[in-house]
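# Descriptive analysis of the structure
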Amino acid sequence: MPEASKIFSPYRAVGLVSNELPLVVRYIKRRKENLIVTVVGNTFHTYGATKLSLLSVGNPHAHPIFAVSADTYHIYTSSNKDIYAWRRGTELKHKYVGHKSDVHLMLPFGPHLIAVDKSNKICIWDIKLETLHMEMEFQRSSFEISSIAHPATYLNKVLLGSKQGKLQLWNLNTCKMVYSFDGWGSEVVLMEQAPALDVMAVGLENGRIILHNLKFDETVVEFKQDWGKVTGIGFRTDGFPVMATGSELGHIALWDLKERRLLSQVRDAHAASVTGLKCLPNEPLMVTSSPDNTLKMWIFDLPDGGARLLNRKEGHAEPPLHVRFHGSHGDTIITGGEDSTMRMFSTVTERLDRSLGQASYNRKPGKKNKGASDVKRMPPILSFTSETTRESSWDNVAAIHRGKPFVTTWSSRFQRMGEHKLVHDRFTKGDFNTAVVTSLDLTVCGNFVIVGYDSGHMDKYNMQSGIHRGSFGIPTAHKGSVRAVVAEGLNHCVISGGQDGELRWWRLKTCRGLKKLEMGEAVSKMALHRDSGLLGVILEDSSIYIVDVDTKSIVRHFYGHHMQVTDIAFSPDSRWLISASLDKTVRTWDIPSGSCVDCFTVPVPPLSIAMSPTGDFLATLHTDHLGVYLWSNQGCFHHLSLRPIEENFKPSLIALPSTAADVAQMPYKEGEEVEEIGIEELELDDDEYKSPEQISEELVTLAKIPTSRWLNLLSIDIIKKRNKPIEPPKIPKSAPFFLPTVPGLEFKFAVPEEEKGNETSKVKPAFSFEILTAFGKHLKNECFEDALKMLMEMGPSGIDVEIRGLDPDTGGSVDLLVKFLDMLEYALTKQCYFEAVQGYLSLFLKRHAEFVIKEKDVNDKCEKLSIVQGNSWHELCDTFNQTLCLVSYLKNAALINY
């Protein structure tokens, strides 16, 4: 079985708001607030309508969610063939299993739940009992269900719409069709109950909106939008006869039902189709959602009755391409991507997420109409760089755009695009008018940005004024394209890597070359750890080199990826280098040992990675994914035992993090579905190395107990005199006499000993009056290991009492004294508990010195123990001397490298 990652564990995804499934609005009477539910992949979000604040994130499903619905008590989600009922967003109350195919339509209907699967079968479930109440199957060729709704005041009846354009009214109590409507010759996309009784709004694929009276089978009014299929319908219920409809192009139309005309329209309300559209009950508010990863709230307060954007939650509408942590706190992430926008995400709370805006050739039209798309939008952002040094003074972010020769500037503090577009005159005319920017980096002072081009040129610009301040190289810095540029932390030099396979050092102030280093292969990307001066270089042969910036030499070489390496990142302490590749693997390289210590596979190739400055998170971007995925570093929470992985190591496939936090990794086998589990279900790796108590008997092992338990034994009499209480101890008023405890450092209750056998006589034999403690019994039975552990758990006073008790005059015996010395000899021979044994031996000789001299057996045992103790100490002393000599030599000797 493949091993899971030992370092990184899936944490959560940020920047995800909604997908193609329509939103659901439910009113909670206890909160007196409308809640908005949107779906994100395999989980769902619940927002409060008051401020569009995220209230809860649902538990992740094993598979993507196909449909969502809600009533007053539950949120219903369908994932593949199963349906789940949730309370409070995270508490699973019911599960309905029995569908033969995926469920794509759901409708709560009183105590029942109506579900339609893709096999065109309707199943009616009892919500509380989780049992199948009724099922009906329709012929797909004649009536394929595409929409379902419940007409108000129609008891036990539901209206079904089909792809053939027909409608059918069914009585679920009798399981009979009440009436069939001919339809309008186009697929019924959705149906919505109008404020008027018996009237149902029907949205068709050809763009027609029909308000039909079900009671008389008559069309009340018909509208037509020229934007294609109707994707959403909503009615204002605050006293204004207005209907809102959404389209595939992202436009919203507002219709005056009284005048039967188009009232207003909101162009480009979303960058994609308006899949969810709801008007809040009895309020002049409307909420919309879209696959462009946005949730917007509109208010009807314009003079012409139109809608104005009031609030919004949004992420990237198209996949982000570059991610970096901003600042030194590690709680802010900046991303840029295909939608030409720069965004800031917080790892703490979504309330701190911000948008820096969309890159535009002319920002003034966008300022006037924030809801409209910008026709002057720049190409996608491929890469950017940021610094915090001059953040409050001027722009501190610079970005590269696809196929463009200029660099745009941004301000993270003011959350906007800057006024400068940095470009040299040589690229606006002449032979280099087709050149594009390929790399850039900001200096640590925030004053200059270094820009590299595919023509081989490399320029320096001032961030405050946007003025060109110098060019590197005569006439170009590299023969081919400049693939990567980094500025070191002291503002002394700049390092560039080119397509010609060379690394070149340049003086920042004078723009003159210092040195070059041949890499043997074209440079793809570079990353610099400024504190340590280590430079990570990615080459086109998928190898990674570590270069020391100060000595200008190669210090490490890593090779293990089988496809192009897309990005690398250093850990804050520069001990690890994390790399991502198109082979879907993320590897962690240990720089001191020069080996790969961790590797795992993700379902989608990673495009960009970034390590938090505090080391707690790894952020990744993936192909065709809109979110930023955070992985927690387990090294911040517990000790990691890492070893170089084998060449034939098979990394496990770990699912991408969900938007719910604390989702752990799960090993994956080929042919199985990827599932996500909670952190509490994660099992520890059985093969993890655990250090034994004693590595080898040839090595001296310490007892690992506090020094106060053995170092002060010789001074125990002085300590007792100093600690002698002035007043006698006071007995507590209510002592728990019924819960006796065992004296010692650890609080333990005394367990009464069970009487052995069936002896009822109170008269005991004479040998039972021998006074022996538990420690003395272990010595008498020669259980030396247990006796040593018992001593090590005692405090200095307890140890002193036990050693005093070995004297024959106080209840001990000569045999116990010899057994105590045998115990110390056992520990010295085994070379364990070394420092504790020295303390016990010192106290023993102090208490029983006279008796040792008089008694021959004890004296002989002491002489034998002296030889064992001397051999043990001399071996340890020789090792200390060798180590001290080696350290002294390394400190004082002049080592010369030849």
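Residues numbered from 1 in each chain as written. Predicted model: local features only at pLDDT ≥ 70, side-chain atom pairs only at ≥ 80, totals over all residues. Heavy atoms only, no water.

Our next topic: the side chain of Ser162. With respect to the helices and strands, the residue Ser162 is situated in strand β15 (residues 157–162). Among the residues examined, Ser162 registers a relative accessible area of 0% and is labelled buried. Reaching out from Ser162, the side chain makes a polar contact with the backbone oxygen of Lys166 at a distance of 2.9 Å. Those residues in contact with Ser162 that lie beyond four places of it in its chain are Phe143, Glu144, Ile145, Ser146, Glu187 and Val188. (Helix = DSSP H or I, 4+ residues; strand = E, 2+ residues; numbered from the N terminus. Buried < 20%, exposed > 50% of the residue type's maximum accessible area, 1.4 Å probe, protein only. Polar contact = N/O pair within 3.5 Å; in protein donor to acceptor, adjacent residues only side chain to side chain. Contact = heavy atoms within 4.5 Å.)

To continue, consider the sheet that holds strand β49 (residues 553–559). In a beta sheet, neighbouring strands pair by backbone hydrogen bonds and run either parallel or antiparallel. The strand order β46-β47-β48-β49 describes an open sheet built from 4 strands, whose pairing is antiparallel. Only two strands of the sheet have a single neighbouring strand rather than two, namely β46 (523–529) and β49. On average, adjacent strands in this sheet sit at an angle of 20° to one another, irrespective of strand direction. The sheet contact formed by β46 and strand β47 (residues 534–539) spans 6 bridges and is antiparallel. Paired with Leu528 across the bridge in β47 is Leu535. (Pairing = 2+ DSSP bridges. Axes fitted to C-alpha atoms, helices over the stretch in contact; angles between N-to-C directions.)

The angle between the axes and the distance between the axes are what describe a pair of packed helices. Interaxial distance between helix α7 (residues 834–847) and helix α9 (residues 856–892) falls to 13 Å at its minimum, and their mutual angle equals 145°. Relative to α9, α7 is oriented so that their crossing is left-handed. On α9, the residues touching Phe834, Gln838, Leu841 and Leu845 of α7 are Cys862, Leu865, Gln869, Ser872, Trp873 and Leu876. Here the residues of the contact of α7 with α9 sort into 7 nonpolar, 3 polar and no charged. (Left-handed = near helix turned anticlockwise from the far one by under 90°. Nonpolar A, V, L, I, M, F, W, Y, C, P; charged D, E, K, R; others polar.)

Of all 6 residues that make up strand β48 (residues 543–548), 6 are buried, and the element is covered over most of its length. Across the two faces of β48 the burial is the same, with Ser543, Tyr545 and Val547 and Ile544, Ile546 and Asp548 all buried. Linkage of β47 to β48, two consecutive antiparallel strands, is achieved through a turn of 3 residues, within which Ser542 is found at a positive phi near 70°. Direction of pairing for β48 relative to β49: antiparallel, over a ladder of 6 bridges. Pairing of Ser543 across the sheet is with Tyr559, part of β49. Linking β48 to β49, which pair antiparallel, is a turn of 4 residues; within it Lys552 sits at a positive phi near 55°.

Read across the open sheet, the 4 strands follow the order β18-β19-β20-β21; overall the sheet is antiparallel. A single partner strand is all that each edge strand has here, and the edge strands are β18 (188–193) and β21 (218–224). Between one strand and the next, the sheet's axes are offset by a mean angle of 20°, whatever the strand orientation.

Attention now goes to the confidence of the model for the protein chain. Scored by pLDDT, the protein chain comes out at a mean of 86, with 89% of its residues at no less than 70. Taken as a whole, residues 764–769 scores under 50 in pLDDT and shows 1 contact with residues more than four places along the chain or in a different chain. Under a pLDDT of 50 for its full length, residues 894–898 has, in the predicted model, 2 contacts with residues more than four places off or in other chains. (pLDDT = per-residue confidence, 0-100.)

This part is about the nonpolar core. Counting residues in hydrophobic clusters, the biggest one holds 40 residues, and the most contacted among them are Leu779, Phe820, Met823, Leu824 and Tyr840. Only α3 (774–780), α4 (784–793), α5 (796–804), α6 (814–830), α7 and α9 provide two or more residues apiece to this core. Per element, the largest residue contribution to this core is 9 residues, and it comes from α6. Those residues in contact with Phe820 that lie beyond four places of it in its chain are Phe775, Leu779, Leu791, Ile803, Leu806, Tyr840 and Phe844. (Core = buried A, V, L, I, M, F, W, Y, C linked by side-chain atoms within 4.5 Å.)

Let us look at the packing of α5 against α7. One can describe the packing of α5 onto α7 by two numbers: an axis separation of 10 Å at closest approach and a directional angle of 50°. As far as their axial angle goes, α7 and α5 are oblique. Every pair of crossing elements has a handedness; the one defined by α5 and α7 is right-handed. Here Ile799, Asp800, Ile803 and Arg804 of α5 come into contact with α7, specifically with Tyr840, Leu843, Phe844 and Arg847. (Parallel < 35°, antiparallel > 145°, perpendicular 65-115°, else oblique.)

For the rest of this paragraph, the subject is the pattern of salt bridges. In total, this model carries 32 salt bridges according to the counting rule given. Between Glu248 and Lys229 there is a salt bridge, with its nearest N and O atoms 3.9 Å apart. With Glu248 in the loop between β23 (242–247) and β24 (252–256) and Lys229 in the loop between β21 and β22 (230–235), this pair connects stretches of sequence that are 19 residues apart. Judged by its relative accessible area of 26%, Lys229 is partly exposed. In this structure, Glu785 engages Lys830 in a salt bridge whose closest nitrogen and oxygen atoms are separated by 3.8 Å. With a gap of 45 residues between them, Glu785 in helix α4 and Lys830 in helix α6 connect regions that are remote in the sequence. If you follow the salt bridges from partner to partner, you end up with Arg88, Glu91 and Lys93 in one network. (Salt bridge = Lys/Arg side-chain N within 4 Å of Asp/Glu carboxyl O.)

Residues Glu697, Glu698, Glu875 and Asp878 make up a contiguous surface patch of negative charge. In this structure, Glu875 sits in helix α9. A relative accessible area of 40% places Glu875 in the partly exposed class. (Patch = residues over 30% accessible without salt bridge, like charges linked within 9 Å, V, L, I, M, F, W, Y side chains within 5 Å. Areas by Shrake-Rupley, 256 points an atom, 1.4 Å probe, with all protein chains shown as cover. Lys, Arg positive; Asp, Glu negative; His and termini not counted. Charge placed at Lys NZ, Arg CZ, Asp CG, Glu CD.)

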